[in-house]
Every structure is written in C-alpha cells, then in structure tokens.
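Here is what each chain is made of, one letter per residue.
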Amino acid sequence: MAMGLIALALLGQDMLKFPPHYGGVPMTCPVGGEAFTGPSLMHYSTFGALPDGQPIGSIDFPVLMPECPGNGMIIYDKFTPENATKLAPFVASPAYKAMRDSETSYYRAHWLAKSAGNSEQAAWLLLSATWQAKKTDPTGEQARRYNSEFVAIVRGLPADASSFPSIALRARAANALRELGRFDEAEAMRASVTMAPDAGGPEGKRNREGWGDYLARLAPPIARKDNSREPIDIADERMAVSRCLNALDPLEGSRPLTLTAFEAEFCAREGMKPKIEKAREARAKYRTQAKAGS
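Just so you know, these numbers come straight off a predicted model, no measurement behind them.

Caption draft 1: Main features of the nonpolar core. The biggest cluster of nonpolar side chains holds 59 residues, and the ones touching the most others in it are Met73, Tyr76, Leu112 and Phe150. Elements with a minimum of two residues in this core: α2 (81-91), α3 (94-99), α4 (105-115), α5 (119-136), α6 (141-155), α7 (164-179), α8 (183-192) and α9 (205-223). Of the residues forming this core, the biggest block, 9 residues, is contributed by α7. The residues touching Met73, leaving out its near neighbours within four places in the chain, are Cys29, Pro30, Val31, Pro66, Glu67, Cys68, Phe79, Leu87, Val91, Tyr96 and Leu112. Core analysis: the next-biggest nonpolar cluster, separate from the first, contains 10 residues, Ala240, Phe266, Cys267 and Ile276 among them.

Printed below as a string of structure tokens:
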C-alpha cells in the first residue's frame with residue numbers, strides 16, 4: 001500500500017512537469033545514456049490549421065519533444081546506435097551548446113538533422129520551429145530568420161510533382177515568403193508548385209484537391225501584399241467567422257476587434273452573414289446559460 005502511494009506521488013510529480021495532455025515516461029538519452037523523465041503526448045484534438053501549417057487544437061503546437069537534461073540533445077526521432085554515434089559530435093559541439101540559450105527546441109532538432117545529412121527531415125522540423133518563434137513575436141527577428149532559413153532549405157531540395165511532402169514543403173515555403181513580405185518570390189514559388197495528376201495514387205485525390213485549393217487561396221493575399229500570419233480569406237472558417245463577430249459583437253470585457261478594410265469587406269459578404277449570425281446566436285445562448293448557472 002505504502003509503495004503504491006509513493007508510486008502515485010512520483011507519477012503526480014512527473015505530471016506536473018509537463019502541460020495538460022502529456023505524461024512523463026522514463027527515457028534514455030541516445031547520446032550519453034542519461035536516464036530522465038520525458039514528455040509523452042497522451043491525447044489531443046485538432047480543428048483546423050494556420051496557413052503556415054500549425055494545427056489549431058486542444059494543445060499548444062508544435063508537440064513537445066524530449067530534451068536530454070545534461071547535453072541538451074533533442075530526441076526528434078528514433079535513433080539507432082549508428083545514428084546516435086553519428087550525432088554525438090554535433091551534440092557535443094560548441095555551436096550546439098550555444099544554441100541552448102537562444103534557439104527553440106525544434107530549431108535545434110532541425111540543426112542536428114541537417115548536420116546529419118537529413119535535409120528533408122530538417123525542413124519539416126524547421127517549419128515547426130517557425131511556429132515556436134511566432135508565438136513570441138510573429139514578425140520578430142527570430143521568426144523572420146527561421147522563415148528565411150526554411151525557404152532556403154526547401155529551395156535546396158529537389159521538386160517532385162508526384163510527392164506530397166515535396167508539394168507541401170514548397171507550398172509552405174511560398175507562404176513563408178509571403179509572411180516575409182517577399183511577394184514576387186512568394187508568387188513565383190506558389191506558381192511553380194505542380195502536382196502530377198496521379199500524385200498519391202487513387203487514394204491521393206483528397207490531398208490533390210486540398211493542396212490545389214490551398215495554393216489557389218494563397219494567391220489573393222500575395223497579390224494584395226498581405227503578410228499577416230492568418231489572412232482572413234485563407235483562415236480556418238471558424239476563425240474567420242470569430243474574427244468578424246469579435247469586431248461586431250466583442251466578448252464581454254473586450255474591445256471590438258479592429259478590422260482592415262479588406263477584412264471588413266470580407267465580413268460583409270453575403271456568404272458570411274448567416275455564418276456570423278449563427279455564431280452570434282450560439283454566443284448569446286452560451287452567455288444566457290452561463291448567467292443562469294452562476
């Protein structure tokens with residue numbers, strides 16, 4: 001009984017180390033063999049994504065990755081002994097050590113993957129690093145640097161019209177160029193993304209349609225030189241409706257959201273009006289229920 005209580009107490013301490021939806025699990029650092037408790041995602045849900053690919057959901061994205069407390073290695077993959085041996089000198093390098101105080105976890109993971117020669121994996125990790133940087137400052141030095149490096153690494157990869165990972169990386173790079181305000185380059189990159197008619201095989205139809213739609217919707221914000229992280233016309237529909245509603249009927253205690261001229265015009269479109277009214281009714285119902293329960 002006593003041992004059981006001790007085990008539960010230790011589990012509770014591990015749980016407190018990590019955000020909700022994560023648990024603590026015993027881990028061993030691939031380089032150095034250090035034992036520690038790392039985060040393990042238990043469950044989450046998503047309901048959309050930002051134009052840069054960051055999911056919108058019940059947890060803060062990107063997903064936490066384990067970090068060895070001693071040497072700071074980010075465990076971004078399952079490493080064979082050979083992989084770990086190859087990475088060891090990079091983990092121990094002065095360059096990597098210097099990053100621990102200045103760069104995000106996904107950026108450091110990208111640096112390790114790139115150093116090991118895995119450029120495509122490094123590109124995906126760097127895309128996630130841009131999300132981390134934008135949380136601090138969407139237009140800050142780090143976010144812009146990460147976006148620029150992401151574009152550069154994607155440009156160095158071969159374009160493959162039959163590969164969805166290749167198509168997706170180039171589409172996200174076009175968006176990164178838009179966020180950087182490099183609109184001519186953004187449009188050139190967007191227009192250069194091609195998809196083979198049979199990309200993904202018979203099961204790839206939904207992906208082909210999805211990426212085709214994304215690329216088409218990316219064109220107007222580029223054309224009007226909109227470098228915001230989430231232009232309203234390519235935002236998730238629920239987010240767009242919420243933005244319109246918060247300008248017309250702000251949450252209690254909040255100031256009305258200020259819209260740009262384009263956003264105001266977008267919210268006034270006939271197709272948006274019934275969606276905004278439905279959201280307004282749902283909000284009013286929630287307010288009424290909340291007051292009744294208080």
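From this point on, the discussion continues.
Caption draft 2: Up close: the state of the cysteines. Scanning the model with the defined rule gives 2 disulfides in all. A sulfur-sulfur separation of 2.1 Å characterises the disulfide bridge that pairs Cys29 with Cys68. Across the S-S bond of Cys29 and Cys68 the torsion is about 95 degrees, and the bridge reads as right-handed. Of this pair, Cys29 sits in the loop between β1 (22-28) and β2 (35-41) while Cys68 is found in the loop between β4 (55-57) and α2, placing the two residues 39 residues apart along the sequence. Across the pair, exposure class does not vary: Cys29 and Cys68 are buried alike. One disulfide in the model links Cys244 with Cys267; its S-S distance is 2.0 Å. One quick way to see it: the torsion about the S-S bond of Cys244 and Cys267 is about -85 degrees, and its sign makes the bridge left-handed. Taken as a pair, Cys244 in helix α10 (residues 237-248) and Cys267 in helix α11 (residues 261-267) lie far apart in primary sequence, 23 residues in all. Judged on exposure class, the residue Cys244 and its partner Cys267 are both buried. Described in terms of the sequence order of its bonded cysteines, the disulfide pattern of the protein chain is 1-2, 3-4.

Caption draft 3: Looking closely at the packing of α5 against α6. Two numbers describe how α5 lies on α6: the axes approach to 9 Å, and their chain directions differ by 160 degrees. With respect to each other, α5 and α6 are oriented roughly antiparallel. Of the two possible hands of crossing, α5 and α6 adopt the one that is left-handed. Between α5 and α6, the contacting residues are Ser119, Ala122, Ala123, Leu126, Leu127, Ala129, Thr130, Ala133 and Lys134 on the first element and Gln142, Ala143, Tyr146, Asn147, Glu149, Phe150 and Ile153 on the second. Grouping the amino acids of the contact of α5 with α6 by side-chain chemistry returns 10 nonpolar, 4 polar and 2 charged.

Caption draft 4: Highlighting the packing of α2 against α4. Where α2 meets α4, the axes come as close as 10 Å, and the angle between the chain directions of the two elements is 120 degrees. Our classification of the angle between α2 and α4 gives oblique. By crossing handedness, the relation of α2 to α4 is classed as right-handed. Taken together, the residues of α4 that come into contact with α2 (itself represented by Leu87, Phe90 and Val91) are Trp111, Leu112 and Ser115.

Caption draft 5: Inspection of α6 at higher detail. Along its 15 residues, α6 runs 21 Å from first to last C-alpha, staying within 8% of the 21 Å computed at 1.5 Å per residue. The set of residues buried in α6 consists of Gln142, Ala143, Tyr146, Asn147, Phe150, Val151, Ile153 and Val154. Residues of α6 that are buried make contact with α4, α5 and α7.

Caption draft 6: Looking closely at α8. Those residues of α8 not exposed but buried are Phe183, Ala186, Met189 and Arg190. All buried residues of α8 project into a common sector of 125 degrees when viewed along the axis, lining one side. Away from its buried face by more than 90 degrees, α8 exposes Asp184 and Ala191. Of the surrounding elements, those touching the buried residues of α8 are α6, α7 and α9.

Rules used in this analysis
Residues numbered from 1 in each chain as written. Predicted model: local features only at pLDDT ≥ 70, side-chain atom pairs only at ≥ 80, totals over all residues. Heavy atoms only, no water. Core = buried A, V, L, I, M, F, W, Y, C linked by side-chain atoms within 4.5 Å. Buried < 20%, exposed > 50% of the residue type's maximum accessible area, 1.4 Å probe, protein only. Helix = DSSP H or I, 4+ residues; strand = E, 2+ residues; numbered from the N terminus. Contact = heavy atoms within 4.5 Å. Disulfide = S-S within 2.5 Å. Axes fitted to C-alpha atoms, helices over the stretch in contact; angles between N-to-C directions. Parallel < 35°, antiparallel > 145°, perpendicular 65-115°, else oblique. Left-handed = near helix turned anticlockwise from the far one by under 90°. Nonpolar A, V, L, I, M, F, W, Y, C, P; charged D, E, K, R; others polar. Expected span 1.5 Å × (residues − 1). Arc of directions from axis to C-beta.

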